[in-house]
Structure formats: structure tokens, C-alpha cells
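The primary structure of each chain is shown beneath.
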Amino acid sequence: MGGEWRQVTWGDLATLEYGKGLRGYKNATGDYRVFGTNGPIGWHSEPLCKFPSVIVGRKGAYRGIHFSPEPFFVIDTAFYLKPKEGFDIKWAYYELLIHDINNMDSGSAIPSTSRDSFYTLPVLVPPEKEQKAIAHVLGTLDDRIELNRRMNETLEAMAQALFKSWFVDFDPVIDNALASGKEIPEELSERAKARAALGDKRKPLPEEIRSLFPDEFAYSDVMGWIPKGWEGTIFNELIELTGGGTPKTSVDEYWNGDIPWFSVVDAPRPADVFVVDTEKHITQLGVDNSSTKILPVGATIISARGTVGKCALVGRPMAMNQSCYGIRGKRGLSDSFIYFAVRQQVEHLQRGGHGSVFNTITRDTFKIIKVANGRVELTQKYEESVKPFLDKILLNNIQHGNISALRDTLLPKLLSGELRIPDAEKMVEEVV
């Protein structure tokens, strides 16, 4: 560490300014982000803080540290940082991340951040040029994480849109009916008009896929109008369910092994689709002596108790606890078809759950879900079509994990001066 670093407190560098009460921000439109104690929560037409700054959570059991690169509004559950002297505000954001503000409780009924305690936090202040360099190194990693997230959102939306088009809206059947002149049921006429209006903008499917769809509809007592030759089926008849379990926590030999053990806290964002690692791990001995089982790559996991309906596609073999089900398709139904079918039905599953406060999903819940079931080959063609999207999402998730781990390693070392900028830049180049 260079001798020019200064040891001061955050009270020497800045003040914490109170946010203000605001109504209607959740559904509002505006140019300025509204922040609360846990991050962005809405929009407003005017900023409260007219410069980029750091938002510090003020009230609540969990209070976060957030950064806004633009002017913003902050409500009364949070503070914003107002510098007393010049420093790089992004460096300040990273510096504050190494402190546990949730331990700075004022002692009030609602857990709250104490400004007096905040002002006593020690901080090592490097020269501003070095502050910017530290912020650039860590910001490069955060930017790549954010880029991967946005890419995943686009790719997942494309895969989900194709699923809906083929298996929910039956667009290829409508297109075939329009081409052959077959009658389209009145209930689907608006959709048919919309498809016809697209004209040449409708991207034709490859013949090998198009020919797998019929060119007319038939009425099903179970599902209403569905593609002719398909059947209205109970979802439970298409899938195999696997239950989970928990090895005895009192036996150390069952835990901290190399087998990921999924619980709902490990559920990915919907756009990230896959789970590739978990918070807790178990040993093979733990698997052998409990009711949990190893799920293969491609299985779908759904949380069934507590937080119900969180879904994940298994990205590496793993076990799970008893609050989840593992789901595989029968008779060759593809994994991605099952995953997006489950996603599509989550709202129905939740409505079919039991209990007024904490809904649960049981094996019987899957027996009340009705789906239109077509040819197995279609689900495999769907898998082939979305495979490039899902493969890229999985790769992004793995890279995300590596980048996050590096960021968490570099953060305290850079801010303490233990690691110099050139060494950190080399480490970043190897990962990004």
C-alpha cells in the first residue's frame, strides 16, 4: 500500500442525507429512479439527489448499499451520501460494500442504520486517481455481470416466446390452416386475423417442423379447441415426479461434500433458467442415508412449500430438499419443453395449492392441470430450436459465478491496499 493513503472516518468524508416520503412511485413513470432501503423501487419526475451517489439503507432488517450513476429520488427508508470533499463516488460505493451496515442498529423498534455509527466507520482513502482505478477494475466485473444478465433476459424471452407460439397459441397450426384454407374456429379467429395481417413478416418454419403441425383444429371437452390429433391431457400423465430430502444435520459426514443440495434460496432468476450451484452441499454418504436423490442435468425443479412455484433447470447433477419436486418428461418429452410447460403452469399450480397463507404443491396438484399434448417429436424440435439460447444462458451463468467470486475476492483486497491495480487488472483479464 502506498504511503499516500489516508486513514479517516466516513464522518470526515461525507454526510448521510435523509430521503423523503413519496406516494405513487411504484406505478409511476418519470426520468428518475426511486430508491428505498433495498434498492430501486419505482420512478418519479423529479430527483431528490441531483448528482450520482450512493444510497444507504436506513430502515429494515436488511439494509443495502446501492449506487446510482444518475440523479435520483430516495424515500424515507434510506439515506443518500453527500460528499464533504472530492472523492470518486463509485469508489465510495465499493468501499461501503465492505462494511456490514446491518450491524449498525440504532436500537429502535424497527432495525435502523445509525448515522452516528456510520460516521465512525473507518475508511482508507487512496489518492483520487487510484480511487478511479479501483472503481474501474470492480466496475468492469459488475458491467460484465450486468451484460450477462441482460443477455439472459433476451435469450430466455426468445425461448419462452417460441414455447408460447407453438404450444399455447398454436401459431403454426393457424398458419397451416390459413395456407390450406381450412376453417378456423370462431374462438381463434382474432388470433388468425392477427397472423394473417403479418403477411410475409411471418417467418416460415422449416418444412420438417411445419409438417409436424396439423392444419386444422378439433374440439376437446378437456381443453376446448386444440390442434387436430392432439389430446387434452392431465399434466401428471406426462411427467415423473421425484421427491427430495434432507440428510441428518447432526451427522457431519453428510455435509460439506461436493454434491450441490438445492433449496428454494438457490432458485435462479427466471431469466437465468439454470441452477449450477447451491448454498449448501452434501456428501454421497448423505445421499445414501436420506430420502434425497440425485437429479440429472435437464431435470426441472419446482419449489412446493413455503415459497411456492420457483423453477430451475438443473445445470449439473444435484440433490434437493423435501420442499421441492424434481420433474422429468415421460416418453421422450424434451427437458426444455417440460421446463417451460411447468413455468407456463406455475400460476395454475399456485391456484391449485393448499393452504391460505403458505400454499403448497402436492403430487395431487399436478393431477388438476390440463394441457394440450401433441407429438413428442415437436417437443424435441422445440429443444433443438432453443438449445443455442439455453446453452448460452448456461455458459453465462457459469461465467457469472466465476466473475462474482473474483469480484468478492478483489473487493476487500483492493480497498485495503493489499492488492495493487496492475495485479488486479491481470486477474480480471483472465476471467472477462
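Residues numbered from 1 in each chain as written. Predicted model: local features only at pLDDT ≥ 70, side-chain atom pairs only at ≥ 80, totals over all residues. Heavy atoms only, no water.

Asker: With reference to specific residues and values, describe the overall build of the chain.
Answerer: The secondary structure content of the chain amounts to 11 helices and 21 strands. By principal-axis analysis of the C-alpha atoms, the chain measures approximately 80 × 60 × 45 Å. Here the chain holds 432 residues, and the buried ones make up 47% of them. Intrachain contacts of the chain at a sequence separation of at least 6 include 71% that bridge at least 24 residues. With an accessible surface of roughly 21,500 Å², the chain has 50% of that area assigned to carbon and sulfur atoms. For the chain, the distance from the average position of its 51 positive side-chain charges to the average position of its 57 negative side-chain charges is 3 Å. (Helix = DSSP H or I, 4+ residues; strand = E, 2+ residues; numbered from the N terminus. Buried < 20%, exposed > 50% of the residue type's maximum accessible area, 1.4 Å probe, protein only. Contact = heavy atoms within 4.5 Å. Areas by Shrake-Rupley, 256 points an atom, 1.4 Å probe, with all protein chains shown as cover. Lys, Arg positive; Asp, Glu negative; His and termini not counted. Charge placed at Lys NZ, Arg CZ, Asp CG, Glu CD.)

Asker: I'd love a proper account of the packing of aromatic side chains, names of residues and values included.
Answerer: Tallied over the entire structure, the rule returns 29 aromatic pairs. Each ring, one from Tyr93 and one from Tyr94, has its centre 5.0 Å from the other, and the planes form 55 degrees; the classification is tilted. (Phe/Tyr/Trp six-rings, centres within 6.5 Å; stacked < 30°, edge-to-face > 60°.)

Asker: Describe the packing of helix H4 (residues 128-167) against helix H10 (residues 376-416), and please don't skip the residues or the numbers.
Answerer: Packing of H4 against H10 brings their axes to within 9 Å, and their N-to-C directions diverge by 165 degrees. For the element pair H4 / H10, the angle class is roughly antiparallel. Classified by chirality, the crossing of H10 by H4 is left-handed. In terms of residue class, the contact of H4 with H10 is built from 24 nonpolar, 10 polar and 7 charged. (Axes fitted to C-alpha atoms, helices over the stretch in contact; angles between N-to-C directions. Parallel < 35°, antiparallel > 145°, perpendicular 65-115°, else oblique. Left-handed = near helix turned anticlockwise from the far one by under 90°. Nonpolar A, V, L, I, M, F, W, Y, C, P; charged D, E, K, R; others polar.)

Asker: For the sheet that holds strand S14 (residues 255-262), give the residues involved together with the corresponding values.
Answerer: Across the sheet, 3 strands lie side by side as S16-S14-S19; this open sheet has mixed pairing. In this open sheet, the two strands that pair with only one neighbour each are strand S16 (280-282) and strand S19 (319-320). The sheet contact formed by S14 and S16 spans 4 bridges and is antiparallel. Each bridged residue has a counterpart across the sheet, and for Trp255 the counterpart in S16 is Ile282. (Pairing = 2+ DSSP bridges.)

Asker: So what about the environment of Thr362? Which residues, and what values?
Answerer: In this structure, Thr362 sits in the loop between helix H9 (335-351) and strand S21 (370-373). Separated by 291 residues in sequence, Thr362 and Pro71 have C-alpha atoms that sit 48 Å apart.

Asker: Could you give an account of helix H6 (residues 189-198), with specific residues and numbers?
Answerer: Regarding H6, the residues found buried are Ser189, Ala192 and Arg195. Within H6, the buried residues cover an arc of 120 degrees as seen down the axis, which keeps them to one side. Structural note: H6 exposes Glu190, Lys193 and Ala197 on the side pointing more than 90 degrees away from its buried face. Of the surrounding secondary structure, the elements contacted by the buried residues of H6 are helix H5 (171-180). With its phi angle positive at about 55 degrees, Gly199 sits one or two positions after the end of H6. (Arc of directions from axis to C-beta.)

Asker: An account of the environment of Gly57 is needed here, citing residue identities and associated values.
Answerer: Tracing the backbone through its elements, the reader meets Gly57 in strand S5 (residues 53-57). Contacts of Gly57, omitting those with residues within four sequence positions, involve Thr37, Arg63, Gly64, Thr77, Ala78, Ile101 and Thr113.

Asker: I'd like a description of the sheet that holds strand S15 (residues 274-275), backed by residues and values.
Answerer: Pairing is mixed across the open sheet formed by 5 strands, whose spatial order is S13-S20-S17-S18-S15. What marks the edges here is a single partner per strand, and that holds for strand S13 (239-243) and S15.

Asker: Go over the pattern of salt bridges, please, and point to the residues and values.
Answerer: Pairs may arise between side chains of opposite charge once their charged atoms sit close together. Under the definition given, this model contains 27 salt bridges. A salt bridge links Lys132 to Asp88; its shortest N-O distance comes to 3.3 Å. Taken as a pair, Lys132 in helix H4 and Asp88 in the loop between strand S8 (78-83) and helix H2 (89-97) lie far apart in primary sequence, 44 residues in all. We classify Lys132 as partly exposed; its relative accessible area is 46%. Each of the salt bridges in this network shares a partner with another, and the network as a whole consists of Lys164, Asp169, Asp171, Asp175, Arg191, Arg195 and Arg202. (Salt bridge = Lys/Arg side-chain N within 4 Å of Asp/Glu carboxyl O.)

Asker: Quick rundown of helix H11 (residues 421-431)? Include the residues and the values.
Answerer: Among the residues of H11, Ile421, Ala424 and Val428 are the ones counted as buried. Around the axis of H11, the buried residues are gathered within 65 degrees of arc, so they sit on the same side. Relative to its buried face, H11 has exposed residues pointing more than 90 degrees away, namely Pro422, Lys426, Glu429 and Glu430. Looking at the buried side of H11, the elements it contacts are H4 and H10.

Treat this as a map of the structure, not an account of what it does.
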